[in-house]
Amino acid sequence: MTPPGHAPARPHHNLTLGVLLLATLSYALQQTLVSPALPAIQRDLDTSTTAVTYTLTAFLLSASVATPIAGRLGDMFGKKRMLVIALGVFALGSLLCAFAPSIELLIAGRAVQGGGAAVFPLSFAIVRDEFPRERVPGAVGTLSATFGIGGGAGVVLSGVIVDHLSYEWVFRFGFLVVVAALFMAWRYVPESPVTSPAKIDWGGAVLMSGGLIALLVGVSEGNHWGWTDARILGLFAASAVLLLAWGTFEYKHPQPLVDMAMMRERTVLTTNLAGVLVGFGMFSLFILVPQYVQAPSSTGYGFGASVTEAGLFLLPATAVTLVAGPVAGWLGGRIGPQIPLAGGLLVALVAYVFLALEHSSATSILIATGLFGLGLGFAFASMINVIIGAVEPTKTGVATGMNTIMRTIGGSLGGQVAAAILTGHLVNGYATEHGFAVAFWVCAAAVAGAFGVALLIPRQKPSAEPKVATGVPLVETETPTVPRVVGAVPPRRLAS
């Protein structure tokens with residue numbers, strides 16, 4: 001029992017970080033875990049290629065809508081509360097997918113899964129509120145690394161699972177992991193001391209959701225319907241109108257879902273633009289490399305790798321990202337996050353240029369993916385730390401959520417562009433080596449653009465005090481002796 005007049009003991013920040021790592025990894029795996037299993041899903045559920053690809057589209061759409069909204073709700077009503085809800089939604093979606101008897105129910109389950117996407121921005125916000133200030137960059141770097149780790153590991157694990165069990169186990173294993181994360185988060189993650197109570201901006205949520213859905217459906221269906229098809233052009237036009245209306249509405253709203261002044265601030269704007277371009281390069285790599293190595297040797301370039309073997313070519317990226325993220329956070333805490341961000345993007349650019357020039361051997365591809373993982377780990381970790389250093393504590397959830405969505409939009413666009421390039425270079429059913437080289441160069445150009453944008457991000461001093469919210473009333477916790485002071489440094493945690 002807590003003695004009168006004393007604050008209840010809070011879990012040690014290392015325990016909190018461990019739980020958040022499990023939560024973010026459980027979600028990150030599902031971003032790419034399904035892609036290699038699509039042929040098995042199509043065969044077992046006796047459905048069309050168009051229908052089965054909606055298992056990816058539904059996840060993408062719901063994640064894009066849920067991430068900034070749940071991030072903002074976390075800022076308003078408590079990050080732990082929303083984290084537990086997000087993991088619960090994700091677990092429900094995983095359970096639906098694991099036992100779905102039809103493609104329609106599987107797509108519905110994937111849409112529910114996407115509702116758990118807010119685990120990343122909520123975790124970043126919890127770290128900012130709970131950790132000693134000097135530990136925030138390293139912890140954020142470690143969490144950011146799971147974004148790339150999960151993407152690469154998902155491809156590897158999916159091949160093993162599908163080859164030796166069945167596609168349903170992709171979701172069943174995911175369900176077990178997320179349930180464990182849900183329990184640990186409920187039990188060991190403390191509620192954040194920083195909130196910003198406000199009314200929910202439903203108008204902004206509807207306009208933003210409509211604009212994002214129209215944009216991503218257009219991007220996802222561009223190759224299938226044709227980029228000049230009236231439906232695609234109509235979706236892009238609708239997206240532009242809705243997002244413009246959303247920005248205008250939010251600018252005038254007294255308590256907006258997303259603060260447009262924050263989004264226009266140079267540091268946030270340039271970092272989000274870099275996020276789009278980095279996402280383009282990352283997801284393209286996860287698509288191009290497995291297809292390249294799985295092509296038969298009769299094509300003159302492929303290695304005839306199995307699904308499992310193809311995933312192993314991404315292992316260097318996954319392993320290096322695991323180390324690069326925390327190191328980038330540590331460096332950012334000492335020299336500022338802009339330098340590790342630019343350095344990481346430069347390494348990722350070198351990786352793509354190397355891959356475009358030399359991809360004739362397994363060794364060269366392994367070197368390229370390892371270099372890309374190094375650059376990716378540095379870039380993702382530093383990007384989030386730049387955002388955190390530029391916004392008020394009461395806006396961390398929504399700000400990092402929007403950055404996550406920028407990467408998702410870029411990834412969706414990159415995957416479709418890469419597929420379109422390969423489709424335009426088909427011979428006897430397989431893309432030519434020249435087609436892959438062109439795709440690698442296009443991705444290199446995207447990463448080069450991200451590097452150029454990163455050089456425009458204003459420099460943050462590592463020793464600068466974090467931004468403090470202004471004009472927001474103090475909020476009391478359930479324990480009167482521990483005030484929820486917006487922008488205050490939380491009390492030191494006691495060792496658990």
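Look up: the structure comes first, before these words.
Conventions and cut-offs
- Residues numbered from 1 in each chain as written.
- Predicted model: local features only at pLDDT ≥ 70, side-chain atom pairs only at ≥ 80, totals over all residues.
- Heavy atoms only, no water.
- Salt bridge = Lys/Arg side-chain N within 4 Å of Asp/Glu carboxyl O.
- Buried < 20%, exposed > 50% of the residue type's maximum accessible area, 1.4 Å probe, protein only.
- Helix = DSSP H or I, 4+ residues; strand = E, 2+ residues; numbered from the N terminus.
- Axes fitted to C-alpha atoms, helices over the stretch in contact; angles between N-to-C directions.
- Left-handed = near helix turned anticlockwise from the far one by under 90°.
- Contact = heavy atoms within 4.5 Å.
- Nonpolar A, V, L, I, M, F, W, Y, C, P; charged D, E, K, R; others polar.
- Phe/Tyr/Trp six-rings, centres within 6.5 Å; stacked < 30°, edge-to-face > 60°.
- Lys NZ or Arg CZ within 6 Å of the ring centre and 35° of its normal.
- Expected span 1.5 Å × (residues − 1).
- Polar contact = N/O pair within 3.5 Å; in protein donor to acceptor, adjacent residues only side chain to side chain.

Visitor: Is there a simple way to explain the pattern of salt bridges in this structure?
Guide: Side-chain pairs of opposite charge can arise where the charged atoms are in close proximity. Taken as a whole and judged by the stated rule, the model has two salt bridges. When the shortest N-O distance is used, the salt bridge between Arg231 and Asp229 registers 3.0 Å. What makes Arg231 partly exposed here is its relative accessible area of 46%. Accessibility expressed as a relative area gives 22% for Asp229, which makes it partly exposed.

Visitor: Even after reading the chapter, I still don't get the environment of Gly429, so can you show me in this structure?
Guide: You can see Gly429 is positioned in the loop between β1 (426-427) and β2 (430-431). Assessed through its relative accessible area of 61%, Gly429 is described here as exposed. Linking Gly429 and Thr299, residues 130 residues apart in sequence, is a C-alpha distance of 10.0 Å.

Visitor: Just to check I follow, could you spell out the packing of helix α14 (residues 315-335) against helix α16 (residues 362-390) for this structure?
Guide: The contact between α14 and α16 brings their axes to 7 Å, and the two run at 35 degrees. For the pair α14 and α16, the sense of crossing is right-handed. The segment α14 lies against α16, with Pro316, Ala317, Val320, Thr321, Ala324, Gly325, Val327, Ala328, Gly329 and Leu331 engaging Leu366, Thr369, Gly370, Gly373, Leu374, Gly377, Phe378, Ala381, Ser382 and Asn385. Of the residues in the contact of α14 with α16, the class split is eleven nonpolar, nine polar and no charged.

Visitor: Mind showing me how you'd approach the packing of aromatic side chains here?
Guide: Each aromatic ring pair is described using two quantities: the centre-to-centre distance and the angle formed by the ring planes. Counting across every chain of the model gives 14 aromatic pairs. Ring centres of Tyr27 and Phe120 lie 6.4 Å apart, and the angle between their planes is 75 degrees; this geometry places the pair in the edge-to-face category. Of the two residues, Tyr27 is situated in helix α1 (residues 13-32) and Phe120 in helix α6 (residues 119-130); the sequence distance between them amounts to 93 residues. Like Phe120, Tyr27 is buried. Within the aromatic cluster, the residues linked to one another by ring pairs are Tyr292, Tyr301, Phe303, Phe313, Phe436 and Phe440. In this structure, Arg110 is placed above the aromatic ring of Phe59, and the distance from its NZ or CZ to the ring centre is 4.1 Å. A cation sits over an aromatic face here: Arg407 above Phe380, 4.5 Å from the ring centre.

Visitor: Even after reading the chapter, I still don't get helix α10 (residues 230-252), so can you show me in this structure?
Guide: Along an α-helix, a turn takes 3.6 residues, which lines up residues three or four apart on a common side. In a regular helix each residue adds 1.5 Å, so 23 residues correspond to 33 Å; α10 covers 33 Å between its end C-alpha atoms and thus fits that length. Every buried residue belonging to α10 is among Ile232, Ser239, Trp246, Gly247 and Glu250, and all of these are buried. Looking at the buried residues of α10, the elements they touch are α9 (202-225), α11 (260-264) and α17 (396-423). The backbone nitrogen of Arg231 lies 2.7 Å from a side-chain oxygen of the residue at the head of α10, namely Asp229.

Visitor: Just to check I follow, could you spell out the environment of Val353 for this structure?
Guide: Along the chain, Val353 turns up in helix α15 (residues 338-357). Exposure remark for Val353: the relative accessible area of 26% places this residue in the partly exposed category. In the structure, Val353 is positioned 90 residues away from Cys443 in sequence and 9.0 Å away in space, judged by C-alpha atoms. The residues contacting Val353, other than those within four sequence positions of it, are Trp441 and Ala444.

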